[in-house]
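Fold and geometry: a report
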Amino acid sequence: MTRALLVIDVQKDFCPGGALAVEEGDVIVPGINALMTDFPAVLLTQDWHPAGHSSFATSHEGKSPFDLIDMSYGPQVLWPDHCIQGSLGAQFHPDLTVDRADLILRKGYNPDIDSYSAFFENDHTTPTGLEGYLRTRGIDDLTLVGLATDFCVNFSAVDAAKLGFKVTVRSDLCRGIDLGGSMQAALESMAEAQVTIT
Ligand code: VGL
Ligand code: ZN
């Protein structure tokens, strides 16, 4: 089996002081850097939205961050503006060992659809291309770390498992947002998808 470490969205906007800060989002960085040395392949994802993205509350009159709306592809949480293409907040945490990465996969660039998962946009059908990249490299075993446990890590892990990859989530190297029980729901959906959570 060829293994890869998939590091999800360890970006300034998801760390304390950022636009969509995850509590303790920064404390996992040294552990992730150390874990990279155990893997033959390291891949990073980067949340990468155009200004005015449809997942931003500011794009919907009368709506506030963390409101839930119905989009054509299903329910969508509205977020504070974050990870805008080219902005400081979209940059990786300054201590993350970015140089170790073979691939940086950007997602969320479609103005009309959010993309929590590294594999599919939130319509669950538009692919990002990551599956093909992994298969053509012979990678079949993924370990996921990063932010946020209950959104991008969860959706990426579940999609990877559904696609037939062997998936482990290192929960000690993830941190979550926990909106209305989303943390518990995420742990349950990952377990149901046969994701190993350690
Ligand atoms: C994420 C909300 C919005 C994440 C990204 O990385 O989990 N969450 N965009
Ligand atoms: Zn986002």
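Throughout what follows, the structure given in this document is the object of discussion. The shown structure was predicted, so the numbers you read here are calculated from the model rather than taken from an experiment.

Every protein donor of the zinc ion (ligand 2) is accounted for by D47 (OD), H49 (NE2) and H82 (NE2), and the metal-donor separations fall at 2.0 to 2.1 Å. Metal-centred angles of 90 to 167° between the 4 donor atoms at the zinc ion (ligand 2) mark the site as irregular. Along the chain, the residues donating to the zinc ion (ligand 2) are arranged with the sequence spacing D-x1-H-x32-H. Note that H49 is positioned in the loop between β2 (42–47) and β3 (68–71) and H82 in the loop between β4 (74–77) and β5 (103–107), a separation of 33 residues in sequence. You can call H49 buried: its relative accessible area is 0%.

Under the criterion given, the structure shown has 1 cavity of 30 Å³ or more. In this structure, the largest cavity encloses a volume near 110 Å³. Looking at the lining of the largest cavity residue by residue, the classes come out as 9 nonpolar, 3 polar and 3 charged.

What follows concerns unusual backbone geometry. Put simply, L147 and A148 share a cis peptide bond, and its omega is -15°. Structurally, the position occupied by A148 is in the loop between β6 (139–147) and α3 (149–162). Of note, F66 is a non-glycine position whose phi angle comes to about 80°, a positive value. With relative accessibility at 39%, the residue F66 sits in the partly exposed group.

What follows covers the layout of surface pockets. Its boundaries defined by the atoms lining it, the largest pocket holds a volume of some 230 Å³. Along the walls of the largest pocket sit L68, Y73, G74, P75, Q76, V77, Y116, N122, H124, F151 and F155, which together make up its complete lining. Residue assignment for the lining of the largest pocket shows that the elements contributing at least two residues are β4 and α3. Looking at the lining of the largest pocket, the element that brings in the most residues is β4, giving 4 residues. In terms of residue class, the lining of the largest pocket is made up of 7 nonpolar, 4 polar and no charged.

Cut-offs and rules
- Think of each chain on its own: its residues are numbered from 1, step by step along the sequence as written.
- Each chain takes a letter, starting from A, and each ligand takes a number, starting from 1, following the order in which they are written.
- Totals for whole chains, interfaces and linings use all residues, but because this is a predicted model, local features are given only for residues with pLDDT of at least 70 and pairs of side-chain atoms are given and counted only at 80 or more.
- Only heavy atoms go into the side-chain values, all of them from the structure, while hydrogens and water stay out.
- Note on donors: an N, O or S atom is included if it sits within 2.8 Å of the metal, or within 3.2 Å for Na, K and Ca, and water is never included, so sites can look incomplete.
- All geometry calls rest on donor angles, where a four-donor set with angles between 85 and 135 degrees is tetrahedral, four- and six-donor sets with opposite donors more than 155 degrees apart and all others between 65 and 115 are square planar and octahedral, and all else is irregular.
- A run of H or I in DSSP becomes a helix once it reaches four residues, and a run of E becomes a strand once it reaches two; helices and strands are each numbered from the N terminus.
- The cut-offs for exposure are 20% and 50% of the maximum accessible area for each residue type, with area from a 1.4 Å probe on protein chains only; residues under the lower value are buried, those over the upper are exposed, and the others partly exposed.
- A pocket here means an open set of points on a 1 Å grid, computed over the protein atoms alone, that has protein on both sides within 12 Å along at least five of seven lines. A cavity is instead a set of points where a 1.4 Å probe fits but cannot get out; residues with an atom within 4 Å of a point line either one.
- Grid points are joined across faces, edges and corners, and a volume is the space filled by probe spheres set on the points.
- Residues are grouped as follows: nonpolar covers Ala, Val, Leu, Ile, Met, Phe, Trp, Tyr, Cys and Pro; charged covers Asp, Glu, Lys and Arg; every other residue, Gly included, is treated as polar.

Spatial relationships are all this shows, so hold off on functional conclusions.
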